Amino acid sequence: MTVVLNSENIHVQIPPRSPEFQRTDKERFTILCPQMAPIHFALCSGIFRQCGYNVVVLPTINRETIEEGLRYVNNDVCYPAIIVVGQLIQALKSGRYDPARTALLISQTCGGCRSTNYATFLKIAVNKAGFPDVPVIPFQVNFTNDNNKGLFLPLFALKKLFLAFLYGDLLMNLANRCRPYEKNRGEVDVLVQVWVEKLQTEIMTNKYGNVSKTASVIVNDFDALDLQTECKPKVGIVGEILVKYHPGANNNLVSLIEQEGGEAVVPNILDFALYCLTSGDHCKRFAPVSFLSMLKSRIAVWFIERQRDKVRKVLRQHKRFSSFGNIHHLAEQAKRFVSICNQTGEGWLLTGEMAELLEEETLNIICVQPFGCLPNHITGKGVMKELRSHYCGANISTLDYDPGATEVNQLNRIKLLMATALRRNSFNGKSTNK
Ligand code: SF4
């Protein structure tokens, strides 16, 4: 149920019923999925196909996507909701997909903020746009969901999804570490593309025993690139998940940082999955969860961290690259500033990522936040003063994103942050990048 407020009345809007996606629909239907992280999602789509689902990850967004979202979602709703709804409605209207054989996939985190309502927003939008028979499939990371029985992923597929995200995180980190220093422009992105294609096949074979070997070959390939040896200031990017990873949603923030002379450091997406999986454990004193659900989450966390250990071991052998964090360590970092029962939106993870970046001497941080994002204001903006007093030299700035935010304003803030970062970098003297 959605409550709509305007100056005169309070309307209680009952969301329309969306047809349920049945297991038997999977052979006939195309499932459209909004884009979030281009490298990671490119590695995932084959896994759904292997399970018999024809999932199409929509390409990037444009101004028309935002306009389409605004036609069906009120502009005081979170920017990410406007983007994902706009993308899916735009695809439905494009005529490329038969509405009678199309379903829409949308993530649902079931927290205390509007992320819980994305599926409802989409159902209302789909109806208003004239596609009432198109099923909406909510998809959750944790194991408590029983809304999407039609989209069933067996354990082997879930394991492959985690593998895809593990390699996605590795490629994203290596690319961000090397791209600002490349001597031959475009070389890093070509190497990423080569590895995305190789990994699409490798992930299908589900060889967990290969993680160390594959990670080692990938890291060696990036380490062998001919790069400049100067040292640029590192700029961490934290914040709301979609705006953080989707280049279309954050107006190509990584490229802007690189153009301004910095090196972007983007924390891993798997940390968000692990944050969701550990949430029950952290809050069990106040909100008990079933033993079975907690056991499943603990096993998943153990399994993922075990695979990440293999990648950490490889990364530690290369001086150029930093290792991956650990979710328990991130929680410890966050605990110093906020309660880890803050689990709405990015919750304590946001504080934990900033503290971890500062510990690793990435003193420049941009916190990206959709306008009016309450969790970001508490565990992002709300802890900045405290972080600045703990870490001398912390250069933290926020960037707001909403449909009306101009790129000029964002660019000015980035330039301001970069001016301080570059000044300190030159003051400290240029050290070697190797
Ligand atoms: S985390 Fe922020 S942007 Fe995302 S749904 Fe919640 S309030 Fe909206």
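What you see is a predicted model; the values in this text were computed from it and never measured.

*Asks:* Can you explain the overall build of the protein chain? Please cite residues and give values.
*Replies:* Along the protein chain, the regular secondary structure elements total 16 helices and ten strands. Computed over the C-alpha atoms, the radius of gyration of the protein chain is 21 Å, within 12% of the 22 Å expected from 2.2 N^0.38 for a compact globule of 434 residues. C-alpha extents for the protein chain along the principal axes are approximately 60 × 55 × 50 Å. In the protein chain, buried positions account for 53% of the 434 residues. Counting contacts in the protein chain only where the partners sit at least 6 residues apart, residues at least 24 apart contribute 74% of the total. Total accessible area computed for the protein chain in this model is approximately 19,700 Å², and 53% of it derives from carbon and sulfur atoms.

*Asks:* An account of the side chain of T102 is needed here, citing residue identities and associated values.
*Replies:* Note that T102 resides in strand β5 (residues 102-107). Note on T102: relative accessible area 1%, which makes it buried. Looking at T102, its side chain comes within polar contact range of the main-chain oxygen of D98, at 2.6 Å. Once residues within four sequence positions are removed from consideration, T102 is found in contact with F29, T30, L32, L92, Y97, V134 and P135.

*Asks:* Can you tell me about the site of the ligand, naming the residues and giving the values?
*Replies:* Looking at the ligand, the residues that line it are C78, P80, C113, R114, S115, Y118, E240, G345, E346, P370, C373 and P375. For the shell around the ligand, the residue count by class is seven nonpolar, two polar and three charged. Each of two domains, domain 1 (16-150) and domain 2 (233-268 + 325-428), supplies a minimum of three residues to the shell around the ligand.

*Asks:* Account for the pairing of strand β9 (residues 364-370), with residues named and values stated.
*Replies:* In terms of burial, β9 is a largely internal element, seven of the seven residues being buried. Burial of β9 is two-sided: the residues N364, I366, V368 and P370 facing one way and the residues I365, C367 and Q369 facing the other way are all buried. Two elements, β9 and strand β10 (residues 395-401), share seven bridges in a ladder whose sense is parallel. The residue of β10 that forms the bridge with I365 is I396.

*Asks:* Go over helix α4 (residues 118-128), please, and point to the residues and values.
*Replies:* The buried count for α4 comes to eight of eleven residues, which makes it a mostly enclosed element. Of all the residues in α4, the buried ones are Y118, A119, T120, F121, L122, I124, A125 and V126. Just downstream of α4 lies G130, where phi reads positive at about 90°.

*Asks:* Any chance you could break down the domain arrangement of the protein chain for me, citing the residues and the numbers?
*Replies:* When the parts come together, some accessible area is lost, and that loss is often what is quoted as the size of the interface. Taken as a whole, the protein chain is organised into domain 1 (16-150) and domain 2 (233-268 + 325-428). Spacing between the C-alpha centres of domain 1 and domain 2 amounts to 28 Å. Listed per partner, the contact involves 17 residues of domain 1 and 17 residues of domain 2. Note on domain 1 versus domain 2: buried area summed over both sides is about 1,400 Å², and carbon and sulfur give 72% of it. When the buried area of domain 1 at its contact with domain 2 is split by residue, M36, Y79 and P80 rank highest and sum to 41% of it. Summed over the shared surface of domain 1 and domain 2, the number is zero salt bridges. Secondary structure elements with two or more residues in the side of domain 1 that touches domain 2: α2 (63-72) and α3 (79-93). Examining the composition of the side of domain 1 that touches domain 2, we find that five residues originate from one element, α3, more than from any other.

*Asks:* Just give me the short version of a nonpolar patch on the surface, but keep the residues and values in it.
*Replies:* A surface patch of nonpolar side chains, amounting to about 580 Å² of accessible area, comprises F291, L292, L295, I299 and W302. On the secondary structure map, L295 appears in helix α11 (residues 291-316). The partly exposed category is assigned to L295, whose relative accessible area is 37%.

*Asks:* Could you give an account of the sheet that holds β5, with specific residues and numbers?
*Replies:* Within the open sheet, the four strands sit side by side as β4-β3-β5-β6. Their pairing is parallel. Of all strands in the sheet, those with a lone pairing partner are β4 (54-57) and β6 (136-139), marking the two edges. Direction aside, neighbouring strands of the sheet carry axes that sit 30° apart on average. Of the strands in this sheet, β5 and β6 are in contact with α4, which crosses β5 at around 150°.

*Asks:* How would you sum up the sheet that holds β9? Please name residues and give values.
*Replies:* Each strand in a sheet pairs with another by means of backbone hydrogen bonds, the pair being arranged parallel or else antiparallel. Strand order in the open sheet made by the four strands is β8-β7-β9-β10, with parallel pairing throughout. Either end of the sheet is taken by a strand with one partner, and the two such strands are β8 (263-265) and β10. The sheet shows a mean angle of 30° between the axes of neighbouring strands, taken without regard to direction. Sheet analysis places strand β7 (residues 234-239) next to β9, joined by five bridges and oriented parallel. Considered in β9, the bridge of V238 is made with C367.

*Asks:* For the nonpolar core, give the residues involved together with the corresponding values.
*Replies:* Among the nonpolar cores identified, the biggest contains 139 residues, and F222 and W348 are the most heavily contacted of them. In this structure, this core is formed jointly by two domains, domain 1 (16-150) and domain 2 (233-268 + 325-428), each of which donates at least three residues. Setting aside its immediate chain neighbours within four residues, F222 contacts L171, L174, A175, C178, V188, L191, V192, W195 and F321.

*Asks:* Mind laying out the packing of α3 against α4, listing which residues take part and the relevant values?
*Replies:* At a minimum axis distance of 10 Å, the contact between α3 and α4 shows a crossing angle of 40°. Classified by the angle their axes make, α3 and α4 are oblique. Relative to α4, α3 is oriented so that their crossing is right-handed. Across the interface between the two elements, P80, A81, V84, V85, L88 and I89 from α3 touch Y118, F121, L122, A125 and V126 from α4.

*Asks:* Can you break down the pattern of salt bridges residue by residue, with the values?
*Replies:* Taken as a whole and judged by the stated rule, the model has 20 salt bridges. A salt bridge links D226 to K183; the nearest nitrogen and oxygen atoms lie 3.3 Å apart. Of this pair, D226 sits in the loop between α7 (211-223) and β7 while K183 sits in the loop between α5 (155-178) and α6 (187-204), placing them 43 residues apart in sequence. According to the relative accessible area criterion, K183 is partly exposed, its value standing at 47%. Of the charged contacts in the structure, one is a salt bridge between E359 and R336, with a shortest N-O distance of 3.7 Å. A residue pair is termed long-range when its members are at least 10 positions apart, and E359 in helix α13 (residues 347-359) and R336 in the loop between α12 (327-335) and α13 qualify at 23 residues. The class for E359 is partly exposed, based on a relative accessible area of 41%. Given the relative accessible area of 41%, R336 is considered partly exposed. One connected set of salt bridges, linked through shared partners, spans D271, E305, R308, D309 and R312.

The rules behind each value
- Residues numbered from 1 in each chain as written.
- Predicted model: local features only at pLDDT ≥ 70, side-chain atom pairs only at ≥ 80, totals over all residues.
- Heavy atoms only, no water.
- Helix = DSSP H or I, 4+ residues; strand = E, 2+ residues; numbered from the N terminus.
- Rg over C-alpha atoms; globule rule 2.2 N^0.38 Å.
- Buried < 20%, exposed > 50% of the residue type's maximum accessible area, 1.4 Å probe, protein only.
- Contact = heavy atoms within 4.5 Å.
- Areas by Shrake-Rupley, 256 points an atom, 1.4 Å probe, with all protein chains shown as cover.
- Polar contact = N/O pair within 3.5 Å; in protein donor to acceptor, adjacent residues only side chain to side chain.
- Near = heavy atom within 4 Å.
- Nonpolar A, V, L, I, M, F, W, Y, C, P; charged D, E, K, R; others polar.
- Domains from an automatic or database assignment.
- Pairing = 2+ DSSP bridges.
- Buried area = accessible area lost by both parts, 1.4 Å probe.
- Salt bridge = Lys/Arg side-chain N within 4 Å of Asp/Glu carboxyl O.
- Patch = residues over 30% accessible without salt bridge, like charges linked within 9 Å, V, L, I, M, F, W, Y side chains within 5 Å.
- Axes fitted to C-alpha atoms, helices over the stretch in contact; angles between N-to-C directions.
- Core = buried A, V, L, I, M, F, W, Y, C linked by side-chain atoms within 4.5 Å.
- Parallel < 35°, antiparallel > 145°, perpendicular 65-115°, else oblique.
- Left-handed = near helix turned anticlockwise from the far one by under 90°.

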